[in-house]
Amino acid sequence: MTRSSRPLAVFDLDGTLADSGHRQHFLERRPRDWDAFFRAAPDDPPLAKGVELCLQAAEECEVRYLTGRPERCRRDTLDWLAAQGLPEGRVFMRRNDDHRPARTTKLEILRRLGRDREIRMLVDDDELVCDEAERAGFPVVRARWATGTTEALKDAQEREGRT
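An account of the accompanying structure is given in this report.

Rules used in this analysis
- Residues numbered from 1 in each chain as written.
- Predicted model: local features only at pLDDT ≥ 70, side-chain atom pairs only at ≥ 80, totals over all residues.
- Heavy atoms only, no water.
- Phe/Tyr/Trp six-rings, centres within 6.5 Å; stacked < 30°, edge-to-face > 60°.
- Helix = DSSP H or I, 4+ residues; strand = E, 2+ residues; numbered from the N terminus.
- Buried < 20%, exposed > 50% of the residue type's maximum accessible area, 1.4 Å probe, protein only.
- Core = buried A, V, L, I, M, F, W, Y, C linked by side-chain atoms within 4.5 Å.

**A look at the packing of aromatic side chains**
Here's step 1: Applying the stated criterion across every chain, the model contains 3 aromatic pairs.
Here's step 2: Measuring from centroid to centroid gives 5.7 Å for Trp34 and Phe37, while their planes differ by 85 degrees, and the two rings are edge-to-face. Residue Trp34 and its partner Phe37 are both found in helix H1 (residues 34-39); the two are separated by 3 residues, about one turn of the helix. Of the two residues examined, Trp34 and Phe37, each falls in the buried class.
Here's step 3: A ring pair is formed by Trp34 and Phe38, whose centres lie 5.8 Å apart and whose planes are at 25 degrees; its orientation type is stacked. Here Trp34 pairs with Phe38, and both are found in helix H1, just 4 residues apart, close to one helical turn.

**Re the nonpolar core**
Here's step 1: Counting 28 residues, the largest nonpolar core has Phe11, Leu17, Cys54, Tyr65, Leu81 and Leu86 as its most contacted members.
Here's step 2: The next biggest cluster of nonpolar side chains, apart from the first, holds 16 residues, and it includes Leu66, Phe92, Cys130 and Phe138.

If you want it as structure tokens, here you go:
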């Protein structure tokens, strides 16, 4: 099986591979401090269950990363993935000016990826993203291993489309 014919395993970052709990306090204030929230991302500890699942998936699948982080965070994100020893893979990020809900942006990208390749799994912690992906027929693993996700982050993901 060639690399281009391998199925895809698609992983979210925040709350799935990266523990963003330490920086969520930036979203609890008004106005939310998105710049500080994303500046703190390089300090995220890895989530062991997510990292383990990603490494296992890479044995049979080509790994892709699908995050709600804005494009301006690309360098920090790539450095973080490499520092964790995660498999290389294309990283899909939202445009800096795209504030649609994650369930909309991520499903759009999943559909595009699924046109040419089998998607073996989407791994994400956002229940609304998971619900939409399942309704569209994608196999989903719900990342419920992060303990620090606050209501402020969930609200921000849905209403402000920032992560």
